[in-house]
Amino acid sequence: MATKSRILVIGATGAIGRHIVRASVEAGHATYVLVSNTTVTEIPNKSKFIAAANPETKLDLFESFKTSGVTLLTGSISDHESLVKAIKQVDVVICAVGRQVIKDQVNLIHAIKEAGTVKRFFPSEFGVDVDRQDAVEPVRQVCDEKARIRRLVEAARIPYTYLCCHALTGYFLRGLAQPETTEPPRDKVLILGDGNVKGAYVTQEDVGTYTIKAADDSRTLNKTVHIRLPANYLTLNEVVSLWEKKIGKTLEKTYVPEEQVLKNIQESSLPLKYRWALYHSQLIRGDAVYDIDPAKDVEAHELYPDFKYTTASEFLNQLV
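Attention here is on the structure that accompanies the text. From a predicted model like this one, the values you see are computed outputs, not experimental measurements.

Turning next to the sheet that holds strand β6 (residues 161-164). Within the open sheet, the three strands sit side by side as β6-β10-β13. Their pairing is parallel. In this open sheet, the two strands that pair with only one neighbour each are β6 and β13 (297-299). In this sheet, neighbouring strand axes are inclined to one another by 25° on average, regardless of whether the strands run parallel or antiparallel. Summarising the sheet, strand β10 (residues 223-226) and β13 pair through three bridges and their orientation is parallel. If you follow H226 over to β13, its bridge partner there is E299.

Now for the pairing of strand β1 (residues 7-10). Burial along β1 is two-sided: I7 and V9 facing one way and L8 and I10 facing the other are all buried. As defined by bridge partners, β1 adjoins strand β2 (residues 31-35) across three bridges and the pair is classed as parallel. Its bridge partner lying in β2, V9 is registered against V33. After leaving β1, the chain enters helix α1 (residues 17-26) and then returns to the sheet as β2, a path that is right-handed.

Enumeration according to the criterion identifies 19 salt bridges in this entry. Here R132 and D297 are joined by a salt bridge, their closest N and O atoms 2.7 Å apart. Here D297 lies in strand β13 and R132 lies in the loop between β5 (120-122) and α6 (139-155), a separation of 165 residues in the sequence. Between D187 and K249 there is a salt bridge, and its shortest N-O distance comes to 2.4 Å. In this pair, D187 sits in the loop between α7 (169-172) and β8 (188-192) while K249 sits in the loop between α9 (236-247) and β12 (252-256), placing the two residues 62 residues apart along the sequence. The exposure class assigned to D187 is partly exposed, which follows from its relative accessible area of 47%. Of the residues examined, K249 reaches a relative accessible area of 36% and is grouped as partly exposed. Look at the salt bridges and you will find they share partners, linking E125, D129, D131, R132, R150, R151, E154 and D297 into a network.

Now for the pairing of strand β4 (residues 92-95). Neither face of β4 is open: one carries V92 and I94, the other V93 and C95, and all of them are buried. Regarding the hand of the β-α-β motif, the stretch spanning β4, helix α5 (residues 105-115) and β5 is right-handed.

All right, on to the packing of α1 against helix α8 (residues 204-215) then. Relative to each other, α1 and α8 sit at 50°, their axes nearing to 8 Å. By the angle between their directions, the pair α1 and α8 is classed as oblique. Relative to α8, the crossing made by α1 is right-handed. Taking contact as the criterion, the partners of H19, I20, A23 and S24 in α1 are, on α8, Q204, E205, G208, T209, T211 and I212.

Reading guide: rules and limits
- Residues numbered from 1 in each chain as written.
- Predicted model: local features only at pLDDT ≥ 70, side-chain atom pairs only at ≥ 80, totals over all residues.
- Heavy atoms only, no water.
- Pairing = 2+ DSSP bridges.
- Helix = DSSP H or I, 4+ residues; strand = E, 2+ residues; numbered from the N terminus.
- Axes fitted to C-alpha atoms, helices over the stretch in contact; angles between N-to-C directions.
- Buried < 20%, exposed > 50% of the residue type's maximum accessible area, 1.4 Å probe, protein only.
- Right-handed = clockwise from strand over helix to strand, strands pointing away.
- Salt bridge = Lys/Arg side-chain N within 4 Å of Asp/Glu carboxyl O.
- Parallel < 35°, antiparallel > 145°, perpendicular 65-115°, else oblique.
- Left-handed = near helix turned anticlockwise from the far one by under 90°.
- Contact = heavy atoms within 4.5 Å.

Dropping the structure here:
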């Protein structure tokens, strides 16, 4: 049996990063996370495992990692020397930093080149395919920054995998894509556009699992992995219909035309502005709807047909 890669996760406490770490540990990989020196000194040295499924602090999460066998490496994405030192200890680097620091991955690219040991790099993507999107600001700027990182990775000839997961259930389905609430509606629902555009939904936990499955898979080398799961490739009208059946009630529907959605984006402030633009990308522009190129793209559900992912219907059951 081939030796499993040693995996370093950067951005391990984020909405996706924590699930990548757990999936890596569960799959039997030697797992490392990058932690600031200040944070490391604050982590209690306890032997008892702390279950941190929903940790209140980063310290809880790091302690959970530590007690489950994860190696904590001190360093920062802005500190070249510490990055090189950490990277030299692993085979695969997975970056899951937030959109505010996407540009800082340039430092990571330089460190990976200097280390010369990385067999695979996953830059921080975990959204739409940035080479196939038609988002408006402020989402477009983030997509453009991610696309620039892709070009730099390719120019540096670093072996890579891009992971496109589109619409996370925790962001989109928890509130049925209602921009101003995170609670699922039980009386009235806004439907952006005509509600007939396919969106691709997936849980954060399943993104973590698919990422780790792809890490040692030769079929994903220098490819883009698209997570568009058959049971979760749904229009908003279909999602609302699922919800109505679960609560036994027909919701009053208000359809919001694209012109009004664009106006709402312009008139809103962050973070609501970003949320409106994100929903516009997925639910109106259809940024999850495209054909793939077998020469550079693969579908996650086709690569791993035996993996039982969480369906949109199962996710909604938790909210009833």
